[in-house]
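# Architecture and fold: a report
Listed below are the residues making up each chain.
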Amino acid sequence: MSDTAALATPAPPNRAARIFSGIQPSGGLTLGNYLGALKRFVQKQDEGIQTIYCLVDMHAITVWQDPQKLRHATREAAAGFIASGIDPTKSILFNQSQVSAHVELGWIFNCVARMGWMSRMTQFKDKAGKNSENVSLGLFAYPALMAADILAYRATHVPVGEDQKQHLELCRDIAAKFNNDFGVDFFPIVEPIIEGAATRVMSLRDGTSKMSKSDPSDQSRINLTDDADMISKKIRKAKTDTEPLPETLSGLKNRPEARNLVNIYAALADMTPQGVIDLYSGSLFGQFKPALADLAVAKLAPISKEMQRLMKDPAEIDRILEKGAQEANAIARPVVDQVYDIIGMIRG
Ligand code: AMP
Ligand code: TRP
């Protein structure tokens with residue numbers, strides 16, 4: 001089987017498929033991160049494609065991070081990756097700040113991206129809100145650094161949740177503009193991989209807002225560090241309605257909380273949402289929630305246990321990240337050196 005056989009859109013000829021993705025260590029990992037990103041990262045790794053995964057600590061500091069907490073969250077996120085099935089001997093796993101190619105290329109892309117493009121980024125608008133005069137300049141430039149993360153490896157495919165789609169379109173625009181401005185075919189036009197039943201996991205308290213590590217209510221999310229008891233309690237208390245589950249998916253149309261729980265079940269069980277409906281149509285939440293809670297505990301509790309074990313040896317996590325950073329640097333350094341050459345910087 002060729003490297004690209006499992007991908008919907010093959011890499012351009014002459015370029016091997018290479019996967020890159022990142023997660024911010026700005027708090028604990030959630031079920032949204034797991035289903036929208038991590039679970040897919042593991043699948044790609046196990047398909048035998050080259051996979052590079054990064055804890056984007058430079059992105060995290062676009063909003064205030066307490067230094068002690070950032071260090072802890074970075075190690076904990078690394079533990080979460082490994083406990084979820086990322087094998088540091090198969091994938092490259094590292095934290096962004098250890099590989100300076102990211103910020104170097106990020107600066108160059110700040111000079112490629114246009115203000116107008118950046119101003120249209122909905123995540124910036126959401127995060128800045130009414131406070132846009134007072135947020136960091138880094139928060140505005142964030143998507144150019146994200147493009148640099150990916151393109152420093154000339155990665156071709158990027159698995160992400162749905163909320164990152166617009167940032168990946170920007171990454172394509174930056175690559176195309178760079179290639180065009182300098183008359184080269186240097187950077188690939190990356191393909192997002194947004195697939196599966198849970199590309200947008202919603203809050204357990206409100207089916208219209210995304211499950212997020214930054215939501216003030218801990219009841220709104222399942223953390224990868226939650227133990228069996230906590231996972232089960234949160235699912236049983238999740239907001240729902242009083243109707244039974246319908247016979248077809250279209251019956252969930254105006255029931256965002258119900259739809260969310262069905263999607264979570266489907267993603268955890270590797271089924272389609274319709275498959276879940278076929279199993280549970282006519283059931284009330286009094287039956288469905290305990291079944292979902294058991295499934296979630298079976299899939300997630302072993303991860304939180306393994307994370308706890310890994311976190312007992314932070315020095316070992318640091319060694320893994322350092323080794324990953326060396327491997328990442330070996331790929332990214334020559335790419336960024338070529339970029340300096342293309343744009344006309346003198347190098348000794
Ligand atoms: P972040 O935590 O914002 O750094 O996100 C890291 C990855 O997890 C990205 O690919 C996101 O799209 C994905 N992700 C975060 N929250 C969710 C969610 N609620 N549902 C699905 N994917 C998510
Ligand atoms: N912006 C992504 C998020 O918040 C994190 C990220 C940074 C990323 N760099 C990346 C994702 C490169 C994919 C590829 O979720």
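Residues numbered from 1 in each chain as written. Chains lettered and ligands numbered in written order. Predicted model: local features only at pLDDT ≥ 70, side-chain atom pairs only at ≥ 80, totals over all residues. Heavy atoms only, no water.

### Looking at the overall build of the protein
Looking only at helices and strands, the protein features 13 helices and five strands. Scaling as 2.2 N^0.38, a compact globule of 348 residues should have a C-alpha radius of gyration of about 20 Å, and the protein matches this with 21 Å. Projected onto its principal axes, the C-alpha positions of the protein cover 70 × 50 × 45 Å. For the protein, the residues scored as buried account for 50% of the 348 residues in total. When contacts within the protein are restricted to residue pairs at least 6 apart in sequence, long-range pairs at least 24 apart make up 76% of them. Summed over its atoms, the accessible surface of the protein is roughly 16,000 Å², and 52% of this surface lies on carbon and sulfur atoms. Averaging the coordinates of the 40 positive side-chain charges in the protein and doing the same for the 40 negative ones gives two points 3 Å apart. (Helix = DSSP H or I, 4+ residues; strand = E, 2+ residues; numbered from the N terminus. Rg over C-alpha atoms; globule rule 2.2 N^0.38 Å. Buried < 20%, exposed > 50% of the residue type's maximum accessible area, 1.4 Å probe, protein only. Contact = heavy atoms within 4.5 Å. Areas by Shrake-Rupley, 256 points an atom, 1.4 Å probe, with all protein chains shown as cover. Lys, Arg positive; Asp, Glu negative; His and termini not counted. Charge placed at Lys NZ, Arg CZ, Asp CG, Glu CD.)

### Re the side chain of Arg-40
Positionally, Arg-40 belongs in helix α1 (residues 31-46). On the basis of relative accessibility, which here comes to 14%, the residue Arg-40 falls in the buried class. When neighbours within four sequence positions are excluded, Arg-40 is seen to be in contact with Leu-35, Glu-195 and Gly-196.

### Some details on the pairing of strand β2 (residues 50-55)
Summarising burial for β2: five of the six residues are buried, a large majority. For strand β1 (residues 18-23) and β2, the ladder comprises six bridges, and the chain directions are parallel. Bridge assignment links Ser-21 to a residue of β2, and that residue is Tyr-53. Handedness of the β-α-β unit built from β1, α1 and β2 comes out right-handed. Note: β2 against strand β3 (residues 92-95), four bridges, orientation parallel. For Ile-52, the partnering residue across the bridge sits in β3 and is Ile-92. (Pairing = 2+ DSSP bridges. Right-handed = clockwise from strand over helix to strand, strands pointing away.)

### A look at helix α13 (residues 314-343)
Turn by turn, an α-helix covers 3.6 residues, leaving residues three or four places apart pointing in a common direction. Helix length check: α13, at 30 residues, gives a terminal C-alpha distance of 41 Å against a target of 44 Å (1.5 Å per residue), a fit within 8%. The complete set of buried residues in α13 reads Ile-317, Ile-320, Leu-321, Gly-324, Ala-325, Ala-328, Ile-331, Ala-332, Val-335, Val-336, Val-339 and Tyr-340. Looking one or two residues past α13, Gly-344 carries a phi angle of roughly 95°, positive in sign. (Expected span 1.5 Å × (residues − 1).)

### Quick look at the nonpolar core
Within the largest apolar cluster, 58 residues are counted, with the highest numbers of intra-cluster contacts made by Leu-268, Phe-288 and Leu-300. Among the elements that line this core, the one with the most residues is helix α12 (residues 285-310), at 10 residues. Those residues in contact with Leu-268 that lie beyond four places of it in its chain are Leu-31, Tyr-34, Leu-35, Lys-39, Leu-292, Leu-295, Ala-296, Lys-299 and Leu-300. Core analysis: the second largest hydrophobic core is formed by 48 residues, Val-99, Tyr-153, Ala-155 and Phe-178 among them. (Core = buried A, V, L, I, M, F, W, Y, C linked by side-chain atoms within 4.5 Å.)

### Details of the site of ligand 2
Surrounding ligand 2, one finds 13 residues, the nearest of these being Gln-24, Tyr-142, Met-146, Asp-149 and Gln-164. Here Gln-24 contributes a side-chain N or O atom positioned 3.1 Å from an oxygen atom of ligand 2. Contact between ligand 2 and Gln-164: a nitrogen atom at 3.0 Å from a side-chain N or O atom of the residue. Protein burial of ligand 2: of its 370 Å² of free accessible surface, 91% is covered by the chains. Residue assignment for the shell around ligand 2 shows that the elements contributing at least two residues are β1 and α7 (137-151). Looking at the shell around ligand 2 element by element, the count peaks at four residues for α7. Among the residues forming the shell around ligand 2, the class breakdown is seven nonpolar, five polar and one charged. (Near = heavy atom within 4 Å. Polar contact = N/O pair within 3.5 Å; in protein donor to acceptor, adjacent residues only side chain to side chain. Nonpolar A, V, L, I, M, F, W, Y, C, P; charged D, E, K, R; others polar.)

### Things to note about the pattern of salt bridges
One pass over the full model with this rule turns up 21 salt bridges. A salt bridge links Asp-46 to Lys-90; the shortest N-O distance between them is 3.9 Å. Here Asp-46, found in helix α1, pairs with Lys-90, found in the loop between α3 (67-84) and β3; they are 44 residues apart in sequence, far enough to count as distant. The class of Lys-90 is exposed, set by a relative accessible area of 53%. Between Glu-306 and Arg-309 there is a salt bridge whose closest N-O contact spans 2.9 Å. Highlighted residues: Glu-306 and Arg-309, both in helix α12, separated by three residues, approximately one helical turn. Each of Arg-40, Lys-44, Glu-47 and Glu-195 takes part in a single network of salt bridges with overlapping partners. (Salt bridge = Lys/Arg side-chain N within 4 Å of Asp/Glu carboxyl O.)

### Focus: the domain arrangement of the protein
Each assigned domain of the protein is listed here: domain 1 (18-199 + 314-343) and domain 2 (218-309). Counting residues at the interface gives 15 residues for domain 1, matched by 17 residues for domain 2. On the domain 1 side of the interface with domain 2, the three residues burying the most area are Leu-31, Ala-83 and Ala-197, jointly 40% of the side's total. Summed over the shared surface of domain 1 and domain 2, the result is one salt bridge. Asp-270 is the salt-bridge partner of Lys-39, the closest N and O atoms lying 2.6 Å from each other. (Domains from an automatic or database assignment. Buried area = accessible area lost by both parts, 1.4 Å probe.)

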